[in-house]
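Fold and geometry: a report
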Amino acid sequence: MRIAGGTGGQSPSDRSPNAAEEIARRKGEHLSLAAEADVETRTAAGWDDIHLVHDALPDIDASDVDLGTTFLGHRLKLPLVISGMTGGHGRALAVNELLARVAERSGIAIGVGSQRAALRDPMLVPTYSIVRETAPHAFVIANLGISQLVKQDRESPLGAKDVATIVSMVKADALAIHLNYLEESVQPEGQTRARGAASAIRAVALRSRVPVIAKETGAGITREVALRLRRAGVKAVDVGGVGGTSFAAVEALRAAAHGDVARMSLGERFRDWGVPTAVAVLGAAGAGLPIIATGGVRSGLDAAKALAIGATLVGVGRPLLQAALRGEEAVVRWVDDFALELRTAIFLSGGRRSADLARAPVVFTGATKAWLEQLGYARRASGARSGRRSR
Ligand SMILES: Cc1cc2nc3c(=O)[nH]c(=O)nc-3n(C[C@H](O)[C@H](O)[C@H](O)COP(=O)(O)O)c2cc1C
């Protein structure tokens with residue numbers, strides 16, 4: 001692991017146009033597959049096992065319910081972040097611009113996809129920076145992968161200057177370091193050297209001028225890992241659990257297209273590997289950091305349940321990508337439906353604002369109940385949800 005000044009010690013070949021083109025091609029394939037193919041997990045996120053309890057006599061007008069929240073010191077109009085997905089290839093500019101326009105107008109947060117490609121090829125910078133240009137007031141989250149912070153067989157780790165460039169590229173309010181060892185394990189060109197990963201995160205967190213978010217991408221984060229991340233200096237955790245987009249499935253399809261039968265069956269075998277999102281939220285919330293619930297959040301009602309068990313925000317990926325490919329109106333409609341469902345859930349469970357869900361009664365059933373019991377997770381009454389204290 002190395003976080004130092006300079007370029008991070010990459011050799012000229014690491015920065016070659018060919019390498020940049022290869023990343024761009026891969027990112028383009030991810031986008032097409034995630035938008036069009038059957039890539040969701042077979043295992044559920046757990047929302048159907050979580051039941052908010054109806055209040056037949058609410059003491060507020062539904063229209064007065066306050067959906068706003070505070071995350072890492074920033075006020076958002078809705079507890080929603082458009083998950084970091086894209087950048088660095090042909091279709092990314094238009095998708096990111098459209099999503100950023102909606103984020104700005106709706107007062108929600110937005111992440112960009114891994115910015116490694118733009119470090120290699122500065123021509124790709126606009127596919128990311130368009131987000132900040134279009135959304136000057138939104139909470140914007142920069143993104144880089146843990147594998148880029150750890151020395152790999154053919155690639156040196158990024159240096160402190162590279163990390164600072166990634167943050168300033170989108171004038172970010174926070175930096176997400178994505179943990180995607182499931183994807184890297186299945187990907188034919190995957191990078192699975194992980195020794196020293198926690199100290200690499202600590203080194204970045206120590207020097208970063210914006211808060212660092214540790215972000216899983218579909219296999220979930222346990223309470224134990226969340227506690228280790230907290231000790232490493234991260235200020236929030238995106239649990240990225242099982243129940244939505246499966247990157248094992250995405251990589252299995254890519255492997256199949258490239259004729260790599262072994263990787264294809266590995267990806268299929270591990271399609272549902274990991275901790276379901278609802279379990280991960282409740283577990284990670286015990287570490288006392290603000291939590292983003294991502295992975296299979298498909299409605300405002302799912303979001304209400306996530307907030308009730310410890311999330312501060314929910315993250316949504318694939319549905320918003322698919323909507324963006326249909327056009328801006330589809331994204332706006334998705335966000336409006338989400339807000340109405342969330343408002344209805346808060347109203348009908350007797351709350352006045354999003355944060356009240358954290359104190360609402362909840363009943364657990366089914367597989368989620370079994371997971372919680374066997375991992376020894378109990379729901380917290382309240383917690384460091386807003387991040388105001390942990391900044
Ligand atoms: C096409 C696509 C590309 C993605 N690229 C990234 C990425 O570069 N960095 C990252 O942290 N997460 C990435 N993700 C993961 C999402 O941020 C999110 O965690 C995941 O899609 C689960 O949410 P969902 O079930 O709502 O789709 C990507 C997701 C999709 C669909």
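Worth saying up front: this structure is predicted, and the values here are computed from it rather than measured. (Residues numbered from 1 in each chain as written. Predicted model: local features only at pLDDT ≥ 70, side-chain atom pairs only at ≥ 80, totals over all residues. Heavy atoms only, no water.)

Observations concerning the overall build of the protein
A count of helical and extended segments in the protein gives 15 helices and twelve strands. Taken against the 2.2 N^0.38 rule, which gives 21 Å for 391 residues, the C-alpha radius of gyration of the protein at 20 Å falls within 12% of a compact globule. Taking the principal axes of its C-alpha atoms as reference, the protein extends roughly 65 × 45 × 40 Å. Put simply, the protein has 391 residues, and 59% of those count as buried. Considering only residue pairs separated by 6 or more positions, the protein has 79% of its internal contacts joining residues 24 or more positions apart. As displayed, the protein has an accessible area near 15,900 Å², and 53% of this comes from carbon and sulfur atoms. A distance of 7 Å separates the average location of the 49 positive side-chain charges in the protein from that of its 40 negative side-chain charges. (Helix = DSSP H or I, 4+ residues; strand = E, 2+ residues; numbered from the N terminus. Rg over C-alpha atoms; globule rule 2.2 N^0.38 Å. Buried < 20%, exposed > 50% of the residue type's maximum accessible area, 1.4 Å probe, protein only. Contact = heavy atoms within 4.5 Å. Areas by Shrake-Rupley, 256 points an atom, 1.4 Å probe, with all protein chains shown as cover. Lys, Arg positive; Asp, Glu negative; His and termini not counted. Charge placed at Lys NZ, Arg CZ, Asp CG, Glu CD.)

Observations concerning the sheet that holds strand β10 (residues 291–294)
Pairing is parallel in the closed barrel, where eight strands are placed in the order β4-β5-β6-β7-β8-β9-β10-β11. Going across the sheet, the axis of each strand differs from the next one's by a mean of 25°, ignoring polarity. As defined by bridge partners, strand β7 (residues 174–179) adjoins strand β8 (residues 212–216) across five bridges and the pair is classed as parallel. Residue pairing in the sheet places Leu179 in a bridge with Glu216 of β8. Along the sheet face, helix α7 (residues 197–207) touches β7 and β8 and points at about 175° away from the line of β7. (Pairing = 2+ DSSP bridges. Axes fitted to C-alpha atoms, helices over the stretch in contact; angles between N-to-C directions.)

As for the site of the ligand
In the vicinity of the ligand, 25 residues are found, and the nearest of them are Gly84, Ser114, Lys215, Thr245 and Gly317. A distance of 3.0 Å separates an oxygen atom of the ligand from a polar backbone atom of Gly296. Protein chains shield 97% of the accessible area of the ligand, which is 610 Å² for the free molecule. If you list the elements that add at least two residues to the shell around the ligand, you get α1 (17–36) and α13 (318–326). The element best represented in the shell around the ligand is α1, accounting for four residues. Of the residues contributing to the shell around the ligand, the split by class is seven nonpolar, 14 polar and four charged. (Near = heavy atom within 4 Å. Polar contact = N/O pair within 3.5 Å; in protein donor to acceptor, adjacent residues only side chain to side chain. Nonpolar A, V, L, I, M, F, W, Y, C, P; charged D, E, K, R; others polar.)

Things to note about the packing of aromatic side chains
To describe a pair of aromatic rings, one takes the distance between the centres and the angle between the planes. Throughout the structure, instances matching the rule amount to three aromatic pairs. When the centroid spacing of 5.4 Å and the interplanar angle of 50° are considered together, the rings of Phe270 and Trp273 count as tilted. Classification of Trp273 by relative accessible area gives exposed; the value is 53%. (Phe/Tyr/Trp six-rings, centres within 6.5 Å; stacked < 30°, edge-to-face > 60°.)

Describing the nonpolar core
Residues Leu80, Ile110, Leu175, Ile309, Val331 and Val335 are the most contacted members of the largest nonpolar core, which totals 102 residues. Looking at this core element by element, the count peaks at nine residues for helix α14 (residues 328–348). When neighbours within four sequence positions are excluded, Ile309 is seen to be in contact with Trp47, Ile50, Ala278, Val281, Leu282, Ala285, Val362, Phe364 and Arg379. Counting 13 residues, the second-largest nonpolar core is a separate cluster that includes Leu76, Val81, Ile141 and Ile292. (Core = buried A, V, L, I, M, F, W, Y, C linked by side-chain atoms within 4.5 Å.)

Things to note about the packing of helix α2 (residues 92–106) against α13
At their nearest, the axes of α2 and α13 sit 10 Å apart, and the two run at 105° to each other. Judged on the interaxial angle alone, α13 and α2 are roughly perpendicular. In this structure, α2 uses Val95, Leu98 and Leu99 to contact α13, whose residues at the interface are Leu320, Leu321, Ala324 and Leu325. Grouping the constituent residues of the contact of α2 with α13 by class yields seven nonpolar, no polar and no charged. (Parallel < 35°, antiparallel > 145°, perpendicular 65-115°, else oblique.)

Let's talk about the packing of α2 against α14
Two numbers describe how α2 lies on α14: the axes approach to 10 Å, and their chain directions differ by 40°. Taken together, α2 and α14 sit at an angle that is classed as oblique. Considering the relative orientation of α2 and α14, their crossing is right-handed. Only Glu328, Val331, Val332 and Val335 of α14 make contact with α2, whose side of the interface consists of Leu98, Leu99, Arg101, Val102, Arg105 and Ser106. Tallied by class, the residues present in the contact of α2 with α14 amount to six nonpolar, one polar and three charged. (Left-handed = near helix turned anticlockwise from the far one by under 90°.)

The values are spatial; any link to function lies outside them.
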